[in-house]
Each structure stands twice: as C-alpha cells, then as structure tokens.
Amino acid sequence: MAKRRFLFSTTQIIMLSFLVAILMGSFLLALPISSASGKPIPYIDALFTATTATCVTGLVTVPTVTTWSIFGQIIILILIQVGGLGVITVMSGIMILLHRKIGFANRLLLQDAFNLNTLSGLVRFVKKVIRGTFIVEGIGALLYMTVFIPEFGIRGIWISIFNSVSAFCNAGIDIIANNSLCDYATHPLINAVTCLLIILGGIGFIVWWDVIRVSKLFKVHRFKALKHLSLHSKIAISATVFLIAIGAVCIFAFEYNNPLTLKNLSLFDKIQVSVFQSVTTRTAGFMTVPQENLTNASSFVSILLMFIGGSPVGTAGGIKTVTIVILIAAALATVKNNNETSLWQRTISKDAIRKAIAVVFMSSAILFISTVLLSLTCDAAALDILYETVSATATVGLTKNFTPSLNFWGKIIITATMYLGRIGPISLAFAFNFKKVNDNKIENPNEKISVG
C-alpha cells in the first residue's frame with residue numbers, strides 16, 4: 001500500500017516560510033561578521049533580532065546602531081523588507097523577475113498571504129504591490145536624505161534608505177541613535193515623512209489601488225467620486241483618520257502638563273509630537289518621546305491603539321481597523337435589534353463578523369498568555385509588562401525601556417509572541433485545523449440560552 005503523502009496547507013506554508021526566514025536570519029546575525037565588534041552576538045539576541053525584523057515589530061534587546069556591522073544591518077533590512085511584504089510575495093516577485101510562471105499552487109499561496117477573495121489578477125496585483133512599495137520607499141529615502149546627508153555625510157544615504165524601508169514596513173527599527181527618533185521630536189520633515197510612510201504602509205495595498213481608481217473619476221464627479229470607493233476602503237480610511245485624530249487629541253490632553261514629554265514644548269511642537277505618538281502606535285514602533293515617560297492615561301490609550309493596529313493587506317499588525325469597525329457595527333445592530341449589520345448601505349456578511357470575533361478572541365488569548373508568562377519570568381510593573389506584550393502581539397515595537405532588560409525566558413516569550421502576532425491568530429488556528437469541511441454535515445438542534 002502506497003504511503004499517503006502529507007501535503008502542507010497554504011496557511012502552513014506561509015507560517016513555515018516566516019519561520020525559515022527567521023532561522024536563516026538568526027544564523028547570519030550570529031556570525032562574527034554581523035557584529036560591529038567582530039565578536040559573535042549571543043544567539044538568543046540574534047534570534048530575537050531576526051524575529052523582530054522579519055515580523056516587522058521593532059522591539060530590540062541590543063542597540064541596533066552600535067551592535068551590528070554594515071553586513072548585519074543589511075541582513076536586518078532584508079528581513080524587514082521580506083517580512084513587510086511577506087516571504088511568499090517576495091519569492092513570487094523574484095519568479096516574475098526571472099520570467100518564471102506562477103503556478104496555481106503559488107497563486108493559492110498569494111491569495112492566502114494577501115487575504116484576498118479571488119485568484120483573478122493575482123500576478124498583476126503582486127507586480128503593483130512590489131512596484132508601489134519601491135516607489136514609496138524610494139521617495140521617502142530621498143526626502144530623508146535632505147536631512148540625514150547634511151548631518152551624517154555619506155552615511156546619511158544608508159540611514160535614509162534603512163529608515164524609509166523600516167517606516168513603510170511598520171518595523172520601527174532605525175540605525176540613527178539608541179533613542180529612536182527622540183532627537184527629531186520637533187523636526188517637521190522627519191515627523192511628516194515618517195508618519196506618511198507609516199500610514200501608507202499600514203493602510204493596505206487594496207486601499208491604494210481603490211483610491212487611485214476613484215481619483216480618476218474625481219475630475220468629473222468631484223467629491224461625489226468618493227461614493228465609488230469600496231466598502232473596505234471606506235472603513236479602512238475612516239477608521240484610520242478617526243483613530244489618529246482621537247489618539248492625538250488624547251495624547252495632547254494627557255501629556256500637556258507632563259514635564260517629561262510635552263510641557264516645555266511650543267504649541268506646534270506639542271501637536272506634532274502628539275500626532276506622531278498616535279500614528280506610531282499603529283504598529284510602527286518609532287518613538288519621539290520615551291514611552292516610559294508617558295502618563296498612565298496616555299499609556300492605556302497607546303495600548304488600545306497598538307492592539308487595533310493598521311488595516312488588512314498592508315504592512316501593519318494588530319487586529320486591524322476593519323475588524324474593530326465590523327465588531328462595533330455588529331454590536332450596535334444587536335442593540336438596535338436589527339437582523340443585519342450594515343455600513344454605508346452595505347450588509348456585512350455573517351462570515352466576516354464571525355472571523356472578526358475569532359481574530360479578537362485569538363489575539364486576546366495570545367496576549368493574555370504571553371502577559372501571564374512574562375509576569376512569571378520578569379519582575380516589573382504590570383503596566384510595563386502589558387505594554388510590552390501588546391507591542392509584541394500587535395507587532396508594534398514600542399516599549400517602556402523594558403525590552404533590553406528581558407532575561408533569557410523573557411526573550412523567548414516575546415520572540416514567540418512576535419511570531420504568532422505576525423502570522424496572525426486566524427492563520428495559526430487554520431494551520432492546526434486538520435478537519436475537513438463537510439458541507440453535508442447534519443445540523444444539531446437549536447436551543448436558546450441566556451447571554452449577557
């Protein structure tokens with residue numbers, strides 16, 4: 001009897017591709033050539049750095065700018081780019097560049113990697129994503145160069161490229177200083193360019209093409225053309241604008257008289273620092289104020305913004321804007337006793353609502369477990385631990401200066417949390433679900449229960 005072949009599902013392949021990228025990166029970073037001192041970095045720190053780069057998180061146990069050589073920094077940048085776009089996307093891009101045919105199996109992988117509902121036009125979509133990514137990152141790098149070349153000389157070119165890729169991929173890793181962008185907290189250009197790169201990367205590629213499509217109608221229909229945006233784009237854009245605005249207002253109010261953050265700044269500088277903090281919590285990880293100096297109120301607002309994160313089919317993490325909007329809409333529909341959940345005169349499918357519930361539940365479970373485990377292994381304030389685990393789960397990268405103090409087991413816990421956060425809770429559930437779907441399954445009888 002022939003042995004039965006074990007075939008990996010698309011979700012399992014995606015998970016394994018990230019794991020392979022992390023392990024390869026950790027091996028290269030553990031080499032003496034990757035270290036600025038020429039001495040090998042402890043493997044646990046190499047593994048942590050490879051994970052935070054591939055999972056575009058930004059938490060680091062060792063200072064990036066002083067620990068790694070140019071070779072090590074190049075490896076980190078490659079991991080950030082691969083992690084931001086996705087391993088499957090990068091490999092498909094290479095196949096397209098080499099004029100290799102993208103087979104049906106690879107198309108299924110791309111469909112799952114981008115969480116799309118159709119196989120139609122996938123190759124064209126990948127080409128647009130890669131081309132658009134390099135264009136935006138290139139423009140960002142050129143704008144950074146106007147500041148960093150005069151300050152750092154020829155090294156400013158490398159800093160600009162690294163920072164642009166890291167910002168667009170929402171990685172939050174930089175090679176400028178050990179305090180991230182704190183030295184540029186009141187620099188309008190650095191603030192504006194970084195925020196735009198973060199937003200463009202986190203808003204999602206689907207929204208890009210939808211906005212470009214609608215912009216072509218703007219000359220004829222003016223603002224009525226906005227009605228032609230897809231429901232996905234309307235939700236993603238509206239939620240992004242709302243969360244950035246409400247986050248900035250809260251940070252501005254809660255930090256206004258805090259002498260460690262905003263108190264001694266001008267009104268304009270207070271506004272731009274508040275906006276940056278609100279934007280960077282959308283899973284970017286850069287900081288212009290030390291997070292340990294924030295008030296408790298601002299910290300909890302930042303935790304909420306980090307947990308929500310960016311939008312689907314982009315470089316950001318978190319449970320995503322569309323997820324939280326769908327859940328709020330479903331809750332309001334239930335309160336109003338409506339049979340259907342709708343937004344902008346469009347009905348939200350029950351499958352989408354169930355998936356949104358599953359995403360929040362699984363993410364919360366990962367967050368809860370990692371928080372409890374980290375509390376057992378590290379002696380620190382509860383808020384600092386929660387801030388760290390939310391940042392890792394949502395692949396943000398902000399920390400209350402807690403990451404460098406992690407012990408061995410703390411590094412293992414955060415490494416695993418970053419990995420699980422990047423591949424996504426739903427992907428994790430699908431990867432270990434070996435039950436086949438049976439459409440002919442007999443339904444169980446209904447019975448009413450009390451809820452709430």
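This text follows the structure it describes.
Every value quoted in this text rests on a predicted model; they were computed, and no experiment measured them.

(A) Molecular detail of the overall build of the chain. Scanning the chain for helices and strands turns up 18 helices and 2 strands. For the chain, the residues scored as buried account for 52% of the 452 residues in total. Excluding contacts between residues fewer than 6 apart, the proportion of contacts in the chain whose partners are at least 24 apart in sequence is 69%. In the form shown here, the chain has an accessible surface area of approximately 22,700 Å², with 66% of it arising from carbon and sulfur atoms.

(B) Representation of helix α12 (residues 267-280). The first and last C-alpha atoms of α12 sit 20 Å apart over 14 residues, in line with the 20 Å expected at 1.5 Å per residue. Of all 14 residues that make up α12, 10 are buried, and the element is covered over most of its length. Looking at α12, one finds that the buried residues are Asp269, Lys270, Gln272, Val273, Ser274, Phe276, Gln277, Ser278, Val279 and Thr280. Elements that come into contact with the buried residues of α12 comprise α9 (188-203), α11 (231-255), α13 (296-308) and α16 (382-393).

(C) View of the nonpolar core. In this structure, Ile76, Ile80, Phe148, Phe162, Phe205 and Ile414 are the most contacted members of the largest nonpolar core, which totals 99 residues. Not counting the four nearest positions on each side in its chain, Ile76 is found in contact with Leu29, Thr49, Ala53, Thr64, Trp68, Phe162 and Ile173.

(D) Molecular detail of the packing of aromatic side chains. Under the criterion given, the structure shown has 10 aromatic pairs. When the centroid spacing of 5.3 Å and the interplanar angle of 65° are considered together, the rings of Phe252 and Tyr256 count as edge-to-face. Owing to a relative accessible area of 24%, Phe252 belongs among the partly exposed residues under this scheme. Through a chain of ring-to-ring contacts, the aromatic side chains of Tyr144, Phe148, Phe152 and Tyr184 assemble into a single cluster. The ring of Tyr256 has Lys270 lying over it, and the distance from NZ or CZ to the ring centre is 3.6 Å. The lysine or arginine in question, Lys400, covers the ring of Tyr387, its NZ or CZ lying 5.0 Å from the ring centre.

(E) Expanded view of empty space enclosed by the protein. Applying the stated criterion across every chain yields a total of 1 cavity of 30 Å³ or more. What lines the largest cavity is simply Asn170, Ile198, Ile199, Gly202, Ile203, Thr240, Ile244, Val279, Arg282, Gly310 and Ser311. Taken together, the elements giving at least two residues each to the lining of the largest cavity come down to α9 and α11. Top contributing element to the lining of the largest cavity by residue count: α9, with 4 residues. Looking at the lining of the largest cavity, its residues break down into 5 nonpolar, 5 polar and 1 charged.

(F) Fine view of the side chain of Thr321. Along the chain, the position of Thr321 falls in helix α14 (residues 321-335). When neighbours within four sequence positions are excluded, Thr321 is seen to be in contact with Ala236, Ala239, Thr240, Leu243, Arg282, Ile308, Gly309, Gly310, Ser311 and Pro312.

(G) Focus on the pattern of salt bridges. All chains considered together, the criterion is met by 3 salt bridges. With its nearest N and O atoms 2.9 Å apart, the salt bridge here joins Asp45 to Lys411. Of this pair, Asp45 sits in helix α2 (residues 43-54) while Lys411 sits in helix α17 (residues 408-423), placing them 366 residues apart in sequence. The exposure classification of Asp45 matches that of Lys411, with both residues buried. A salt bridge links Arg354 to Asp351, with the shortest nitrogen-to-oxygen separation between them at 2.1 Å. Taken as a pair, Arg354 and Asp351 lie in helix α15 (residues 350-377) at a separation of 3 residues, close to a single helical turn.

(H) Quick peek at the packing of α2 against helix α4 (residues 70-85). Viewed as axis vectors pointing N to C, α2 and α4 meet at an angle of 40°, and their least axial separation amounts to 7 Å. The angle between the axes of α2 and α4 places the two elements in the oblique class. Counted together, Thr49, Ala50, Ala53 and Thr54 of α2 and Ile76, Leu79, Ile80 and Gly83 of α4 form the full contact between these two elements. Within the contact of α2 with α4, the residues separate by chemical class into 5 nonpolar, 3 polar and no charged.

What counts and what doesn't
Residues numbered from 1 in each chain as written. Predicted model: local features only at pLDDT ≥ 70, side-chain atom pairs only at ≥ 80, totals over all residues. Heavy atoms only, no water. Helix = DSSP H or I, 4+ residues; strand = E, 2+ residues; numbered from the N terminus. Buried < 20%, exposed > 50% of the residue type's maximum accessible area, 1.4 Å probe, protein only. Contact = heavy atoms within 4.5 Å. Areas by Shrake-Rupley, 256 points an atom, 1.4 Å probe, with all protein chains shown as cover. Expected span 1.5 Å × (residues − 1). Core = buried A, V, L, I, M, F, W, Y, C linked by side-chain atoms within 4.5 Å. Phe/Tyr/Trp six-rings, centres within 6.5 Å; stacked < 30°, edge-to-face > 60°. Lys NZ or Arg CZ within 6 Å of the ring centre and 35° of its normal. 1 Å grid on protein atoms, 1.4 Å probe; cavity = no way out; pocket = protein on both sides within 12 Å on 5 of 7 lines; lining within 4 Å. Points joined across faces, edges and corners; volume = space filled by probe spheres on them. Nonpolar A, V, L, I, M, F, W, Y, C, P; charged D, E, K, R; others polar. Salt bridge = Lys/Arg side-chain N within 4 Å of Asp/Glu carboxyl O. Axes fitted to C-alpha atoms, helices over the stretch in contact; angles between N-to-C directions. Parallel < 35°, antiparallel > 145°, perpendicular 65-115°, else oblique.

No statement about biological role is implied by the geometric values presented.
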